[in-house]
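This is what each chain is made of:
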Amino acid sequence: MRSPSTAEKSPRSEPPGPTTDTELALGIDLGATKVVSALVARDGTVVRSGGRQVHANDGPEGVLRSLVQSVRSTLDQEPSFRIRTVGIAVAAQVDPATGTVVHAPNLNWHNVPLGARLSRELDGAPVVVVNDARAATLAEWRLGAGRGVSDLFCLILGTGVGGSAVVGNRLLEGGTHAIGEVGHITIVSGGRKCHCPNAGCLEAYVGGWAVADRAREAIGADPKAGESLLAAVGYPDQVTARTVVEAYRRGDPLAHRLIRETTQYLCDGVVSIVNAFNPDLVVLGGGFAAGMPEFARTAEGAVRLRCQPPAARARVTVGRFGENAPLVGAAEAARLGSFPGSDSGTPSG
Ligand SMILES: [Zn+2]
């Protein structure tokens, strides 16, 4: 999930303190348009990082080349680091037990043995492959806003909307490794067309792409009201969720209306999720949530008022890692040497 936000776009490389290589782990985040690799400290701090653009047209081998280049550029910055295990988060349905990317719609991959191929490129290092939403959840659960919580739901708000649940200290995986697609729960029957086969999905209202679509429609319907929003970017097709958040911060009335409506749809989604999963905590992750921390308080108010009484005590908070969460979670999976949602949990290599 690539994420629109006013938060930082790329991982922050912080000046490293005195570290030994055992304190660092290598994590990779492979998205639809870029790959980022990083050395991450035990507390989740990104110490070194490197990135490359990728494109679906590159094919698996081309993407793999960019991926290995990004890893090499990161390792070059920390010559004393020795890879033990690699963790990689992918925006895809993955089988963590075999390291296979089963289906990556944005990259157009089917059954790509990513773990085995990457291991071969990195001198046989074991590779743990995880879904990006579950990697983000792992990061927030073990190191971030959900630390110490045994029952939580991490709702990722980025360009798309995803999530994952920790129930009884177990990160759920699903029968076909696809649990937590709450972006595609219907919140408006017969509503806006989604990128999935359904219509009226939560993502079709609060996903970054959908917020941008709604903004463009609002500008088209009332060009005068949309002047300020449009002035910031020039052309309607340049409007993104980030544009809307920035205009909201400037007090633009149209952006305020769009954010108010987005918040309402988000609350509908969070109430349904809390009723379904009964978490103690909902963590709002991803770049959009990082840019709009107000979402958490309003959603928590909706949970108190609208959820079934036993579930209504759930807290809602913003994630610690924003859009770096998949990267940090991938490094944490590498440190663990396996993925906690995987039964066999055996890294490829
Ligand atoms: Zn959908």
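Residues numbered from 1 in each chain as written. Predicted model: local features only at pLDDT ≥ 70, side-chain atom pairs only at ≥ 80, totals over all residues. Heavy atoms only, no water.

A. Local environment of the packing of helix H5 (residues 208-221) against helix H8 (residues 253-277). Relative to each other, H5 and H8 sit at 140°, their axes nearing to 11 Å. As the angle between them shows, H5 and H8 are arranged oblique. The two elements H5 and H8 cross, and the hand of that crossing is right-handed. Residue-level contacts link Val211, Arg214, Ala215, Ala218 and Ile219 of H5 to Leu254, Arg257, Leu258, Glu261, Thr262 and Tyr265 of H8. Residue composition of the contact of H5 with H8, by class: seven nonpolar, one polar and three charged. (Axes fitted to C-alpha atoms, helices over the stretch in contact; angles between N-to-C directions. Helix = DSSP H or I, 4+ residues; strand = E, 2+ residues; numbered from the N terminus. Parallel < 35°, antiparallel > 145°, perpendicular 65-115°, else oblique. Left-handed = near helix turned anticlockwise from the far one by under 90°. Contact = heavy atoms within 4.5 Å. Nonpolar A, V, L, I, M, F, W, Y, C, P; charged D, E, K, R; others polar.)

B. Representation of the packing of helix H7 (residues 241-249) against H8 in the model. Viewed as axis vectors pointing N to C, H7 and H8 meet at an angle of 115°, and their least axial separation amounts to 8 Å. The two elements H7 and H8 meet at a crossing, and its hand is left-handed. Residue-level inspection shows Val244, Val245, Ala247 and Tyr248 of H7 in contact with H8, the latter providing Ala255, His256, Leu258 and Ile259. In the contact of H7 with H8, the residues fall into seven nonpolar, one polar and no charged.

C. Structural detail: the sheet that holds strand E10 (residues 161-167). Strand order across the open sheet formed by five strands is E11-E10-E9-E12-E13, with mixed pairing between neighbours. The open sheet is flanked by strand E11 (170-171) and strand E13 (315-318), the only strands paired with a single partner. Sheet topology note: the strand E9 (residues 152-157)/strand E12 (residues 281-285) ladder contains five bridges and is parallel. By the bridge assignment for E12, Cys154 is matched with Val283. Contacts between helix H3 (residues 132-142) and the sheet are confined to E9, E10, E11 and E12, with E10 contributing the most and set at about 50° to the helix. (Pairing = 2+ DSSP bridges.)

D. Expanded view of the packing of aromatic side chains. Here the structure, examined in full by the defined rule, presents three aromatic pairs. Seen from their ring centres, Phe153 and Phe277 are 4.9 Å apart, and the 50° between their planes marks the pair as tilted. On the criterion of sequence distance, the pair formed by Phe153 in strand E9 and Phe277 in helix H8 is long-range, its members being 124 residues apart. Residue classification places Phe153 among the buried positions, given a relative accessible area of 0%. Judged by relative accessible area, which is 28%, Phe277 ranks as partly exposed. Summarising the aromatic geometry, the rings of Phe288 and Phe295 are spaced 5.4 Å apart at their centres and angled 90° between planes, so their arrangement reads as edge-to-face. One exposure class covers both Phe288 and Phe295, and it is buried. (Phe/Tyr/Trp six-rings, centres within 6.5 Å; stacked < 30°, edge-to-face > 60°. Buried < 20%, exposed > 50% of the residue type's maximum accessible area, 1.4 Å probe, protein only.)

E. Summary view of the sheet that holds strand E5 (residues 93-95). A sheet is described by the order of its strands in space; here three strands give the open sequence E5-E6-E7, paired in antiparallel fashion. Both outer strands of the open sheet, E5 and strand E7 (109-112), are each paired with one neighbouring strand and no more. Shown here is a sheet whose adjacent strand axes are inclined to one another by a mean of 15°, direction ignored. Bridge count for E5 against strand E6 (residues 100-104) is three bridges, and the pairing is antiparallel. Its bridge partner being in E6, Val94 is matched across the sheet by Val101.

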